[in-house]
Amino acid sequence: MESEAMFLERYGRHIVLPEIGPEGQRKIRQAKVLVLGAGGLGSPVAYYLAAAGVGVLGIVDCDVVDRSNLQRQILHTTEDIGRPKVVSAREKLERLNPDICVRTYETRIDASNIGEIIAPYDFVVDGVDNFQTKFLINDACILAGIPFSMGGVLQFVGQTMTVLPGKSACYRCVMGDVSKSAPTCAEKGLLGPVPGITGTIQATEVLKYLTGTGELLCDNLLIFDAKAMEFIKSPVQRNPDCRACGAHPESLACKTGNGPQPS
């Protein structure tokens, strides 16, 4: 554990912000955040949350590092090819900040385990690239009352929103009940920095939530278009008939999802 002097030195640029200060930084240190996916989105999210001093950082991923990942998944290096992503991620994050606790889950999330995995955490970050898994995360977090950030990327576009269960629109409110398969990055391509930019925004939302700073991306979908270099903030409304967060919700977490497929 770092001394108080080391704590003040490491996080000094946070602490001098009037909106954060020493008390806000201590809230960050006491927080538990779960990142689902250690890929294109999960990499920048995990790096920045570790650097910010989040006390407990959970990483879920069932995959191993592939050479094709290295164009965008900055947690991993060429030497990590063939190794579990959670192992590679833990090494980098603990090297960056040895004062945090990194918990890893080398597993495929599904309806049988997601509730137990997310339960200890204060905030959940979606870093997967699969509609059904996103719905699973959405529904499980809504049921558990855990705030979360959704992120998605493809080609030159990234999008993200923050959900406060019971207070704001959820992922199903925006997407409806999409049943078709989404195009994948392998099929359509992805510009490497796009998940970096999107994931960095997600990490920012986490820190804002933990410290009570600013306005969150609730009831808004933020879309980033790298080709046009534009950010579009599109308002979304909570659907009173939403199957997850509406007036008559169904227990959907047991009906959806396969494992995470990090972008």
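Above: the structure in question.
Keep in mind the model is a prediction, meaning the values are calculated, not measured.

Thresholds, definitions, all that
Every chain's residues receive numbers from 1 upward, in the order its sequence appears when written. Side-chain atom pairs in this predicted model are given and counted only at pLDDT of 80 or more, local residue features only at pLDDT of at least 70, and totals for whole chains, interfaces and linings cover all residues. Computation of side-chain values covers all heavy atoms of the structure but excludes hydrogens and water. Numbered from the N terminus, helices here are DSSP runs of H or I no shorter than four residues, and strands are runs of E no shorter than two. Only protein chains enter the accessibility calculation, which uses a 1.4 Å probe; a residue is then buried when its area is under 20% of its type maximum, exposed when over 50%, and partly exposed in between. Two residue types count as positive, namely Lys and Arg, and two as negative, namely Asp and Glu; His and chain ends fall outside the count. Charged groups are reduced to one reference atom each: NZ for lysine, CZ for arginine, CG for aspartic acid, CD for glutamic acid. In this analysis, the protein atoms alone were mapped onto a 1 Å grid. Cavities are point sets where a 1.4 Å probe fits without being able to get out; pockets are open sets with protein on both sides within 12 Å along at least five of seven lines; lining residues have an atom within 4 Å of a point. Grid points are joined across faces, edges and corners, and a volume is the space filled by probe spheres set on the points. Here the term charged refers only to Asp, Glu, Lys and Arg, the term nonpolar to Ala, Val, Leu, Ile, Met, Phe, Trp, Tyr, Cys and Pro, and the term polar to all other amino acids, Gly among them. Axes here refer to lines fitted to C-alpha atoms; in helices the fit is confined to the stretch in contact. Angles between the N-to-C directions go from 0 to 180 degrees. In these notes the angle categories are as follows: under 35 degrees is roughly parallel, over 145 is roughly antiparallel, 65 to 115 is roughly perpendicular, and the rest is oblique. Less than a right angle of anticlockwise turn of the near helix away from the far helix marks a crossing as left-handed, whereas a clockwise turn marks it as right-handed. Two residues qualify as a contact provided that any one of their heavy atoms is within 4.5 Å of a heavy atom in the partner residue. Pairing between two strands is assigned when DSSP locates at least 2 bridges connecting them. In this scheme, patches are assembled from residues that exceed 30% relative accessible area and form no salt bridge. Like charges are connected within 9 Å, while nonpolar side chains (Val, Leu, Ile, Met, Phe, Trp, Tyr) are connected within 5 Å. The method behind every accessible area is Shrake-Rupley, applied with a 1.4 Å probe, and residues are considered shielded solely by the protein chains displayed. Salt bridges are identified by distance alone: a Lys or Arg side-chain nitrogen within 4 Å of an Asp or Glu carboxyl oxygen.

Q: Before we move on, could you go through the overall build of the chain and cite the residues and values that matter?
A: Helix and strand counts for the chain come out as ten helices and eight strands. Taken along the three principal axes of its C-alpha coordinates, the chain extends 50 × 40 × 40 Å. Across the 263 residues of the chain, 52% fall into the buried class. If you average the places of the 26 positive and of the 29 negative side-chain charges in the chain, the two averages end up 0 Å apart.

Q: Outline empty space enclosed by the protein, supporting the account with residue identities and numerical values.
A: The full count for this structure, using the stated rule, is one cavity of 30 Å³ or more. Considered as a void within the structure, the largest cavity measures approximately 30 Å³ in volume. Lining of the largest cavity is provided by Gly158, Gln159, Thr160, Thr198, Ile201, Leu222, Ile223, Phe224 and Phe231. For the lining of the largest cavity, the secondary-structure elements that each account for two or more residues are strand S6 (157–163), helix H10 (193–211) and strand S7 (220–225). Its residues placed into classes, the lining of the largest cavity shows five nonpolar, four polar and no charged.

Q: So what's going on with the packing of helix H4 (residues 42–52) against helix H5 (residues 85–96)? Residues and values would help.
A: For the pair H4 and H5, interaxial distance at closest approach is 9 Å and the crossing angle is 30 degrees. It follows that H4 is roughly parallel to H5 by the angle criterion. Viewed along their axes, H4 and H5 form a crossing whose handedness is right-handed. Where H4 approaches H5, its residues Ala46, Tyr47, Ala50 and Ala51 are matched on the opposing element by Lys92, Leu93 and Leu96. The residue inventory of the contact of H4 with H5, partitioned by class, reads six nonpolar, no polar and one charged.

Q: Break down the layout of surface pockets for me, with residues and values.
A: Over the atoms, a rolling probe the size of a water molecule traces out where space has been left empty. Considering only enclosed or pocket space, the largest pocket measures out at about 400 Å³ in volume. Surrounding the largest pocket, 20 residues form its lining, Phe131, Gly152, Val153, Gln159 and Tyr171 being those nearest its centre. Put simply, the parts of the chain that give the lining of the largest pocket at least two residues each are helix H7 (131–144), strand S5 (148–154), S6 and helix H8 (171–175). When residues of the lining of the largest pocket are assigned to their parent elements, the largest contribution, five residues, is made by S5.

Q: Please give an account of the sheet that holds strand S2 (residues 56–60) that cites residues and values.
A: Ordered by their spatial adjacency, eight strands build an open sheet running S3-S2-S1-S4-S5-S6-S7-S8, and the pairing between neighbours is mixed. Looking at the sheet topology across the chains shown, the edges are occupied by strand S3 (101–105) and strand S8 (230–235). Going across the sheet, the axis of each strand differs from the next one's by a mean of 15 degrees, ignoring polarity. Taken together, the two bridges between strand S4 (residues 123–126) and S5 define a ladder with parallel strand orientation. Paired with valine 124 across the bridge in S5 is phenylalanine 148.

Q: Can you tell me about H4, naming the residues and giving the values?
A: Within an α-helix, residues lying three or four positions from one another point in the same direction, as the helix has 3.6 residues per turn. Of all eleven residues in H4, eight are buried, a share of seventy percent or more. The complete set of buried residues in H4 reads Gly42, Ser43, Pro44, Val45, Ala46, Leu49, Ala50 and Ala52. The positive-phi residue at the C-terminal boundary of H4 is glycine 53, with phi of around 95 degrees.

Q: Would you mind going over a nonpolar patch on the surface in detail, with residue names and values included?
A: Together, Phe156, Val157 and Leu191 make up a nonpolar patch on the protein surface, roughly 210 Å² of accessible area in all. Position of phenylalanine 156 relative to the elements: it lies in the loop between S5 and S6. Since its relative accessible area comes to 34%, phenylalanine 156 is described here as partly exposed.

Q: Which residues make up the pattern of salt bridges, and what values do they have?
A: Considering all chains together, one arrives at eight salt bridges under this definition. Between aspartate 63 and lysine 85 there is a salt bridge, with the nearest N and O atoms lying 3.9 Å from each other. With a gap of 22 residues between them, aspartate 63 in the loop between S2 and H5 and lysine 85 in helix H5 connect regions that are remote in the sequence. Using a relative accessible area of 1% as the deciding quantity, one classes lysine 85 as buried. Between lysine 134 and aspartate 126 there is a salt bridge, with the nearest N and O atoms lying 2.6 Å from each other.

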